[in-house]
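Chain residues, written in single-letter form:
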Amino acid sequence: MRASESTNLYFQQAADQLKTPEWMRKMLLMPKREVTVQVSFERDNGSVETVVGYRVQHDNARGPMKGGLRYHPAVDLDEVRALAALMTWKTAVTELPYGGAKGGIAIDPKTLSKKELERMTRAFVDAIHEIVGPDTDIPAPDMGTNHEVMSWFRNQWEKYHGFNPAVITGKPVEEYGAKGREEATGRGVGLLAVKLLKRVNVRPEQCRTAIQGFGNVGSHASKFLFESAFPVVAVSDLSGTYYNAKGLNIPEMFTYSIKNGNRLEGFTGAERMPAEALLELDVDLLIPAALGDVITKENASSIRAKTIIEAANGPIDPEADALLSARRILILPDILANAGGVTVSYFEWVQNRQHYRWTLDRVRQELDHTLSDAFENVWQQSSNHDVSLRTAAFMLAISRVQRATELGGGAV
Ligand code: GLU
């Protein structure tokens, strides 16, 4: 199933519950604008590379569009389209004053030198600068991009439009970034894990946890859960799964990975298994924090966890979702589970617009408030309507976007 088909299926399940009319569904599903651009840049050896760049602007009924930039070889228009729609629902479920967008370039950034990465990013900005801006569409980091890329993006955009750091979020802290933005998505996953388990009366110490992916999201989620007394028994990255039945020493792995170019390869303080073994381990909580579509109908029956928190975007496809739900496996959906990142992006944008800086404590407190409110609303919606947390989250999000569309006159 294509990525956008999966997202749209989840949308339809919630729209059925809401009895959203057909004409409104069509409006809400179709992206406002999809842009495909040529990105040509010079390699260090003097040759010219040409790659394709995308920006999909899905919906702006609730505010300027917001969403990350992904540099990954699997990026294509359909994936960006699905991720842009997820951003619309994510900002709506957390009640941030934004719509949704996403962008990306189909390339493996690890094959580029830093200078090449910078030239490619600047060429991308040259191609899309007119359609992004602090009041229209605000990019951010996603897979394969980081604060440095955000900095180049801002600098190139400002060459056309003048000083305005609010054009992009996820910037370095010393260059108008927000304290706590880097850890925010992983921290949010951790905060929500604590809230979810409390609801089902499971204590953290009883919850053996496995986390797929040790990038920005997975590593910070692991750290937060470790500090909250969860036995994190397995984490994985491309180099393999690292396992310890008694719980891994996450702080040690965190430091090791940073020193080792964000890879766990070579870490010897744990039992080693193939990367794919992680998903099927006998654990209580499973957190996919890497790519999309990792749990499908092929492997759904091998999943042994009782609870899954979707830290990645779209890690479970709809067929697997139905199979897991039938087995009463509790799933916290991506549009809520990984919303910590865009929430702190919002705080960064607010600070930039006010020329004011928040302390890390304030960022963390407000993140907790935003996610707690969203979680309680989704939980209530799910019990009131006897639907899954995913359908409940989509129902809240769709009804808010629908209402904004009607109020804004966009529906006539
Ligand atoms: N790329 C992140 C996401 O998928 C963050 C987006 C943002 O901060 O705007 O939610």
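Just so it is clear, the structure is predicted and the values come from calculations on it, not from any experiment. (Residues numbered from 1 in each chain as written. Predicted model: local features only at pLDDT ≥ 70, side-chain atom pairs only at ≥ 80, totals over all residues. Heavy atoms only, no water.)

Chemist: With reference to specific residues and values, describe the overall build of the protein.
Modeler: Looking only at helices and strands, the protein features 13 helices and 12 strands. Relative to the globule expectation of 22 Å for 412 residues, the C-alpha radius of gyration of the protein, 20 Å, shows essentially globular dimensions. Taking all 412 residues of the protein together, 58% fall into the buried category. Total accessible area on the protein stands at roughly 17100 Å², and carbon and sulfur atoms take up 49% of it. Of the side chains in the protein, 47 bear a positive and 51 a negative charge, and the two mean positions are spaced by 4 Å. (Helix = DSSP H or I, 4+ residues; strand = E, 2+ residues; numbered from the N terminus. Rg over C-alpha atoms; globule rule 2.2 N^0.38 Å. Buried < 20%, exposed > 50% of the residue type's maximum accessible area, 1.4 Å probe, protein only. Areas by Shrake-Rupley, 256 points an atom, 1.4 Å probe, with all protein chains shown as cover. Lys, Arg positive; Asp, Glu negative; His and termini not counted. Charge placed at Lys NZ, Arg CZ, Asp CG, Glu CD.)

Chemist: Pulling in residues and values, what's your account of the site of the ligand?
Modeler: Of all residues adjacent to the ligand, which total 14 residues, the nearest are Lys66, Lys90, Pro141, Asp142 and Ser345. For the ligand, an oxygen atom lies 2.7 Å from a polar atom in the side chain of lysine 90. In this structure, lysine 102 approaches the ligand through a side-chain N or O atom, which is 3.0 Å from an oxygen atom. Considered on its own, the ligand offers 300 Å² of accessible surface; in the complex 95% of this is hidden by protein. (Near = heavy atom within 4 Å. Polar contact = N/O pair within 3.5 Å; in protein donor to acceptor, adjacent residues only side chain to side chain.)

Chemist: I'd like to hear about helix H5 (residues 147–161), residue by residue, with values.
Modeler: Its 15 residues give H5 an end-to-end C-alpha distance of 20 Å, which sits within 8% of 21 Å, the value for a rise of 1.5 Å per residue. Along H5, the residues classified as buried are Val149, Met150, Ser151, Trp152, Phe153, Arg154, Gln156, Trp157 and Glu158. In the core, the buried residues of H5 are packed alongside strand E3 (65–71), helix H4 (114–128) and strand E5 (137–141). A distance of 3.1 Å separates the backbone nitrogen of glutamate 148 from a side-chain oxygen at the start of H5, and that oxygen is part of asparagine 146. (Expected span 1.5 Å × (residues − 1). Contact = heavy atoms within 4.5 Å.)

Chemist: Give a description of the nonpolar core that names residues and reports values.
Modeler: Of all hydrophobic cores here, the largest spans 95 residues; its most connected members are Trp89, Val235 and Ile295. The leading source of residues in this core is helix H13 (residues 389–407), at 9 residues. Each residue touching valine 235, except ones within four places of it in the same chain, is listed here: Ile211, Phe214, Ser222, Gly240, Thr241, Tyr242, Leu248, Ile250, Met253, Leu264 and Leu278. Formed by 25 residues, the second largest nonpolar core is a distinct cluster that contains Val35, Leu69, Tyr71 and Met150. (Core = buried A, V, L, I, M, F, W, Y, C linked by side-chain atoms within 4.5 Å.)

Chemist: Tell me about helix H12 (residues 360–385), and name the residues and values.
Modeler: For H12, with 26 residues, the first-to-last C-alpha span of 37 Å sits near the 38 Å given by 1.5 Å per residue. Among the residues making up H12, those that are buried are Val363, Leu367, Thr370, Leu371, Ser372, Ala374, Phe375, Val378, Trp379, Gln381 and Ser382. Summarising the contacts, the buried residues of H12 are in contact with helix H3 (77–93), helix H6 (181–199), strand E12 (330–332), helix H10 (334–337), helix H11 (340–354) and H13. Of the residues flanking the end of H12, it is aspartate 386, one or two places downstream, whose phi is positive at about 50 degrees.

Chemist: So what's going on with unusual backbone geometry? Residues and values would help.
Modeler: One non-glycine residue, alanine 229, lies in the positive phi region at around 80 degrees. Looking at the element boundaries, alanine 229 is found in the loop between helix H7 (216–227) and strand E7 (232–237). Exposure remark for alanine 229: the relative accessible area of 40% places this residue in the partly exposed category. Of note, arginine 328 is a non-glycine position whose phi angle comes to about 60 degrees, a positive value. Here arginine 328 shows up in the loop between helix H9 (318–326) and E12.

Without other data, these values stay purely geometric and don't point to any function.
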